[in-house]
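Next come the chains, spelled out residue by residue.
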Amino acid sequence: MTVKGISMRLTVAQLAERLGAELIGDGSGQINGVGTIETAGENEIAFIRGSKENHVHSGTNANVKYLSAVKQSLAGAVIAGMRIEDLDKPQLIVKNVDAALIEALNIFAPNLKPLSEGFDPSAKVAESARIAKGVAIGAFVVIEDGVEIGPNSVVAGGCKIGENSTIGNNCHLDSNVVVYHNCHLGNNVVIQANTTIGSTGFGYSLIEGSHKLIPHNGGVVIEDFVEIGANCCIDRAKFGNTIIGPGTKVDNLVQIAHNVVIGKNCLIAGQVGISGSCKLGDGVVLAGQVGLTDNIEIGDGVIIGAQAGVMNDIGAGEKVVGSPAINSKEAFQIMGLMKRLPKLNKQLKQLSKRVERLEAAEDNKK
Amino acid sequence: MTVKGISMRLTVAQLAERLGAELIGDGSGQINGVGTIETAGENEIAFIRGSKENHVHSGTNANVKYLSAVKQSLAGAVIAGMRIEDLDKPQLIVKNVDAALIEALNIFAPNLKPLSEGFDPSAKVAESARIAKGVAIGAFVVIEDGVEIGPNSVVAGGCKIGENSTIGNNCHLDSNVVVYHNCHLGNNVVIQANTTIGSTGFGYSLIEGSHKLIPHNGGVVIEDFVEIGANCCIDRAKFGNTIIGPGTKVDNLVQIAHNVVIGKNCLIAGQVGISGSCKLGDGVVLAGQVGLTDNIEIGDGVIIGAQAGVMNDIGAGEKVVGSPAINSKEAFQIMGLMKRLPKLNKQLKQLSKRVERLEAAEDNKK
Amino acid sequence: MTVKGISMRLTVAQLAERLGAELIGDGSGQINGVGTIETAGENEIAFIRGSKENHVHSGTNANVKYLSAVKQSLAGAVIAGMRIEDLDKPQLIVKNVDAALIEALNIFAPNLKPLSEGFDPSAKVAESARIAKGVAIGAFVVIEDGVEIGPNSVVAGGCKIGENSTIGNNCHLDSNVVVYHNCHLGNNVVIQANTTIGSTGFGYSLIEGSHKLIPHNGGVVIEDFVEIGANCCIDRAKFGNTIIGPGTKVDNLVQIAHNVVIGKNCLIAGQVGISGSCKLGDGVVLAGQVGLTDNIEIGDGVIIGAQAGVMNDIGAGEKVVGSPAINSKEAFQIMGLMKRLPKLNKQLKQLSKRVERLEAAEDNKK
């Protein structure tokens, strides 16, 4: 399967210059894409993450495997943070491999036709909506009364934007996103396909034997540079707003309930569920499938391991795992002992027998 | 961020009258919204949940925090179940705080323009569909042959309603909901955005080395007053129907598999997964991220804790937690002992040494 | 609730002939549908799975309950793998009950009107798209430049197909599916409603205090006979492709992250999350709500129990459960001992007292 529309071809030397890299070796080879050490072909550049690890994603197993494979790689050149000895291919030495990788990927990005500026003729845009210059609105979009959209934002096909919601500058809403009424997106916000923003939360009161919905008069505020994956749900608040702080990134299929407040630059991995009125500080990392009970506070910089179930407040900087979640050091000690339970059980039995023998000896003496 | 279109302004006294509340204090202040004790401003009314707790939601930490904060609150007035002494703001004393809160939220709900009655001209409605009076059908909706929709229901933009499906009175389907063929919704059903009703379930037979789909000839029945969150999936049955009983409420991102039968007034929190052919009684509560294996029965009034994994039938009234789920009392005892495992391990080692010493003493005597 | 449009009526004898079954008993009754032993009426045929179990789905509790109920069943006839003694209703004896069941369900499937061949006039199909004969494209579909769709595929209402993506023959995309650019579907692929294919993965680098997205230049490859449920997310690759191998089946609300490679004929149940760059062999079974950390390898034929959290590579043929996941035999032993922890704790205390008494006796002798 080949990717259509290769957009760019550069020599190794040209690429080194564009990346501000020190070139070691022959600069004449042709590069037209980026690959991993394992998969890159002769016209692709691969990358080696060095010891100064500044890469953040959902896991940590990725890096150790790279170095051993680099010498067998078919890649036409490599980007690295430090010179690799005895390597018979060109090296582009950079200060920050991740930044160079992002730049290289942008250089060799597939050549896509952007959605045209203006309204697709099929879109249904309310007269009272205020749509800035440079905005592109796709086919079969519905934009209700009082909506405002800032310059250069893109609202792809099939999106629905509810009454009085606002979208800032340079936002990108992918196909079939639903934003209910009174939701507010800052600038440079990305929301991927089929995500729902501003649904009514799960808040009921049991009145005379039936669950009655507590009306959700509040909204949602999504601040600048927030990026939200596909098929997520961000519920609106009962009062005030559900808030996602600037720079926070949210993976796919995540549930963020009513009145949750999330700080800056958090990372929230796939299928996480955050219950109502939780407060997260800045720089919090929630790994995949984590669940938080309602009304708890998670301090700045907390890291919560995959599938953890958090039932209590967590102080800043703590690392917790497990369900119910506890401090990770304590948890790993307990997990170790759980694996040793069969042995402990055996030891207990043996000890019991030894005590029996001692008791028998003692009895004999009487 | 201010909410546009405040719809209503009342004096404290007027609001007390509308809520049937006893007014204590000055009734002349202006109220235009509802807030929490922590967030309400001087023109908002806050609420205090009293000791007669009848609030049901996904968690229980919410209430204890209220009373301590009430005296510092900026709220212009409070709704409470009993008089609070030494409070220098007007109090509206009601029998049921939750009911009064719901009423107050409805009074001060944001003023939204309803979807107009009739068909948006872009909607594609089959000629054989029978659409009652007062139904509103949004833009880019597809309604297939044989569909019936009862009076005053709303089908928002982008919904797709499959052949021969029926929707009762006063239902509300939000944007981009997909209902497949032969699904049946009662009256007063709410389905939020991007939810899928009637998808084919995950039932395969391994025949000659390949997984062959078992055709799903059945449908889905969703009874009166059921409310379903955003981005959920309710699979159709292989035979008969997947059934969600009256008054049951379902949060976001929930998976309900083929042939599941759910009773009345259940609460199913976010990201729960219910496998094929499970039977749930009435009043069952499943907290967030719970999973049920297939073909089990959950009795009336069972409460299943967050992230529990249920592998067996659960008798009526039981409370279970953990994965695999067991009775919560037993589970909490075991969890307590697990946390004490390091100590138990140490005790076992010390005991072993003491026995060694006794054995040595015994040996010496021989 | 009766299903409209019964499509077919056969006598028991006619049905036996169509299924290639041996008929035992009276062949004159009328059959118009398939049901379970518990629910089938007098005009429906039920089925009994025999001892040669070849049924694969998310659980295993289903079968033991059948035989005891068969004699009370109201079914007009039964399909079985071997003759049942003393049963006063007609039996259709077949070699493979599951294959016969699938055939019977197909015979009695509800009579649905297929989406018409050709483009719905509302669909927005790029001129450069190459759409084969026999393709049906529903209302409000968007098909971008360079898309190719093979013969007899169906793209239902509201789908969005991104630039240069390709769809093979006999595929079926249900309503509101979003396929981003440069994604490639083989033949006979089914994708259910509201699923997202080709979203950008969750890969960020922390650069100068902000999380910067790693551009995802790669795509998604979905091979022949793959079936994907509703509201799933399959992320595109950073480099190369995210790949789902032929014959693999994926349930609802599943997250498959960037650069994951899945083999042939795997079964991936509801709400599973597979993190970035995982490699799964052939015939792997992941039960509901399983999570895999990134960059691990799962061997051929591995079975992973519901809610397991897998942190390490798993060798071919292994069966693991738990979070963190371990070999299921070991895990069940540990779980058994955990349930015995209160007893072990008591034994340890009693033993400690017995040792104390021995020590006291020893002291007395000195």
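Cut-offs used in this document
- Residues numbered from 1 in each chain as written.
- Chains lettered and ligands numbered in written order.
- Predicted model: local features only at pLDDT ≥ 70, side-chain atom pairs only at ≥ 80, totals over all residues.
- Heavy atoms only, no water.
- Helix = DSSP H or I, 4+ residues; strand = E, 2+ residues; numbered from the N terminus.
- Rg over C-alpha atoms; globule rule 2.2 N^0.38 Å.
- Buried < 20%, exposed > 50% of the residue type's maximum accessible area, 1.4 Å probe, protein only.
- Contact = heavy atoms within 4.5 Å.
- Areas by Shrake-Rupley, 256 points an atom, 1.4 Å probe, with all protein chains shown as cover.
- Lys, Arg positive; Asp, Glu negative; His and termini not counted.
- Charge placed at Lys NZ, Arg CZ, Asp CG, Glu CD.
- Pairing = 2+ DSSP bridges.
- Polar contact = N/O pair within 3.5 Å; in protein donor to acceptor, adjacent residues only side chain to side chain.
- 1 Å grid on protein atoms, 1.4 Å probe; cavity = no way out; pocket = protein on both sides within 12 Å on 5 of 7 lines; lining within 4 Å.
- Points joined across faces, edges and corners; volume = space filled by probe spheres on them.
- Nonpolar A, V, L, I, M, F, W, Y, C, P; charged D, E, K, R; others polar.
- Axes fitted to C-alpha atoms, helices over the stretch in contact; angles between N-to-C directions.
- pLDDT = per-residue confidence, 0-100.
- Least-squares fit on C-alpha atoms with pLDDT ≥ 70 in both.
- Salt bridge = Lys/Arg side-chain N within 4 Å of Asp/Glu carboxyl O.
- Buried area = accessible area lost by both parts, 1.4 Å probe.

Visitor: Provide a residue-level description of the overall build of chain A, including the pertinent values.
Guide: Counting secondary structure elements, chain A contains 5 helices and 41 strands. Against the 2.2 N^0.38 benchmark of 21 Å for 366 residues, chain A shows a C-alpha radius of gyration of 27 Å, more extended than a compact globule. By its C-alpha atoms, chain A is 105 × 75 × 35 Å across when sized along the principal axes. Taking all 366 residues of chain A together, the buried fraction comes to 60%. If you take every contact in chain A between residues at least 6 apart in sequence, the share linking residues at least 24 apart comes to 22%. Element-wise, carbon and sulfur atoms account for 51% of the exposed surface of chain A, whose accessible area totals about 14500 Å². Of note, chain A has its 33 positive side-chain charges centred 9 Å away from the centre of its 37 negative side-chain charges.

Visitor: I'd love a proper account of the pairing of strand 28 (residues 241–244) of chain C, names of residues and values included.
Guide: Note on strand geometry: in a regular strand, side chains alternate between the two faces of the sheet. Residues and elements named next belong to chain C. Burial along strand 28 is one-sided: the residues Thr242 and Ile244 are buried and none of Asn241 and Ile243 is. The pairing of strand 25 (residues 219–222) with strand 28 spans 4 bridges and is classified as parallel. Looking at the pairing, isoleucine 222 lines up with isoleucine 244 of strand 28. Sheet topology places strand 28 next to strand 31 (residues 261–262); 2 bridges connect them, and they run parallel. Pairing of isoleucine 244 across the sheet is with isoleucine 262, part of strand 31.

Visitor: Tell me about the side chain of glutamine 271 of chain B, and please be specific about residues and values.
Guide: Mapped onto the elements, glutamine 271 of chain B comes out in the loop between strand 32 (267–268) and strand 33 (273–274). Here the side chain of glutamine 271 of chain B touches glycine 273 of chain A through a polar contact of 3.4 Å, landing on its backbone nitrogen.

Visitor: Describe empty space enclosed by the protein, and please don't skip the residues or the numbers.
Guide: Per the counting criterion, the structure on display carries 5 cavities of 30 Å³ or more. By volume, the largest cavity amounts to about 130 Å³. Every residue along the wall of the largest cavity is listed here: Leu341, Leu344, Asn345 and Leu348 of chain A, Leu341, Leu344, Asn345 and Leu348 of chain B together with Leu341, Leu344, Asn345 and Leu348 of chain C. Contributing elements (two or more residues each) for the lining of the largest cavity: helix 5 (341–365) of chain A, helix 5 (341–365) of chain B together with helix 5 (341–365) of chain C. Split into classes, the residues belonging to the lining of the largest cavity amount to 9 nonpolar, 3 polar and no charged.

Visitor: How would you explain the sheet that holds strand 5 (residues 44–48) of chain C if you had to name every residue and give the values?
Guide: Residues and elements named next belong to chain C. Here we have 5 strands laid out as an open sheet, ordered 2-8-7-5-4, and mixed in their pairing. Edge positions in the sheet fall to strand 2 (22–24) and strand 4 (33–34), since each of these pairs with one other strand and no more. Across 2 bridges, strand 4 lies against strand 5 in parallel orientation. Opposite glycine 33, over in strand 5, you have glutamate 44 as the bridge partner. Where helix 1 (residues 12–19) meets the sheet, it contacts strand 2, strand 5, strand 7 (77–80) and strand 8 (91–93), and its direction lies at approximately 10 degrees from that of strand 8.

Visitor: Explain the confidence of the model for chain A to me, using residue names and the numbers behind them.
Guide: Residues and elements named next belong to chain A. Across chain A, the average pLDDT comes to 92, with 93% of residues at or above 70. This model gives residues 51–64 a pLDDT under 50, and the stretch forms 30 contacts once residues within four places in sequence are excluded. This complex was scored by the predictor with a pTM of 0.94 and an ipTM of 0.93.

Visitor: Before we move on, could you go through the relation of the copies chain B and chain A and cite the residues and values that matter?
Guide: Rotating chain B by 120 degrees and translating it 0.0 Å along the rotation axis places it on chain A, where the RMSD comes to 0.1 Å. Each copy turns onto its partner about a three-fold axis.

Visitor: Lay out the pattern of salt bridges in plain terms, naming residues and giving numbers.
Guide: Tallied over the entire structure, the rule returns 15 salt bridges over all chains. Residue glutamate 359 of chain A pairs with arginine 354 of chain C through a salt bridge whose shortest N-O separation is 2.8 Å. With glutamate 359 of chain A in helix 5 and arginine 354 of chain C in helix 5, the pair connects residues from two separate chains.

Visitor: Residues and numbers for the interface of chain B and chain A, please.
Guide: Of the residues lining the interface, 74 residues belong to chain B; the matching set on chain A comes to 79 residues. Regarding the contact of chain B and chain A, the summed buried area is about 6100 Å², with carbon and sulfur atoms giving 58% of it. On the surface where chain B and chain A come into contact, there are 3 salt bridges. One salt bridge connects aspartate 120 of chain B with lysine 124 of chain A, and the closest N-O pair in it is separated by 2.7 Å. Considering each element in turn, the side of chain B that touches chain A owes the most residues, 12 residues, to helix 5 of chain B. Considered class by class, the residues forming the side of chain B that touches chain A number 32 nonpolar, 27 polar and 15 charged.

Visitor: Go over the sheet that holds strand 2 (residues 22–24) of chain A, please, and point to the residues and values.
Guide: Residues and elements named next belong to chain A. Taken in spatial order, the 5 strands line up as 2-8-7-5-4 in an open sheet, and their pairing is mixed. Either end of the sheet is taken by a strand with one partner, and the two such strands are strand 2 and strand 4 (33–34). Along the sheet, helix 1 (residues 12–19) makes contact with strand 2, strand 5 (44–48), strand 7 (77–80) and strand 8 (91–93), crossing strand 8 at roughly 10 degrees.

Visitor: Help me get a handle on the interface of chain A and chain C, residues and values and all.
Guide: Across the boundary between the two partners, chain A contributes 74 residues, which contact 79 residues of chain C. Applying the counting criterion to the chain A and chain C interface returns 31 residue pairs in polar contact (both at pLDDT 80 or more). Secondary structure elements with two or more residues in the side of chain A that touches chain C: strand 6 (55–56), helix 3 (97–107), strand 29 (249–250), strand 32 (267–268), helix 4 (328–339) and helix 5 of chain A. In terms of residue count, helix 5 of chain A provides more of the side of chain A that touches chain C than any other element does, 12 residues in total. Classifying every residue of the side of chain A that touches chain C by side-chain character gives 32 nonpolar, 27 polar and 15 charged.

Visitor: Give me the lowdown on the environment of glutamate 127 of chain B, citing residues and values where you can.
Guide: Residue and element names in this part refer to chain B. Summarising the element assignment, glutamate 127 is placed in the loop between strand 10 (124–125) and strand 11 (130–131). Judged by relative accessible area, glutamate 127 falls into the exposed class, the value being 83%. As for glutamate 127 and glutamate 144, which are separated by 17 residues in sequence, their C-alpha atoms are 8.5 Å apart.

Visitor: So what's going on with the pairing of strand 22 (residues 196–199) of chain C? Residues and values would help.
Guide: Residue and element names in this part refer to chain C. For strand 19 (residues 178–179) and strand 22, the ladder comprises 2 bridges, and the chain directions are parallel. For valine 178, the partnering residue across the bridge sits in strand 22 and is threonine 196. Pairing geometry for strand 22 and strand 27 (residues 233–235), over 3 bridges, is parallel. What sits directly across from threonine 196, in strand 27, is cysteine 233.

Visitor: Hey, could you go over the environment of valine 320 of chain B for me, with residue numbers and the actual values?
Guide: Residue and element names in this part refer to chain B. Along the chain, the position of valine 320 falls in strand 40 (residues 319–321). Between the alpha carbons of valine 320 and aspartate 120 there is a distance of 49 Å; along the sequence they are 200 residues apart. In contact with valine 320, other than residues within four places in its own chain, are Ile303, Ile304, Gly305, Ile314, Ala325, Ile326, Asn327 and Ser328.

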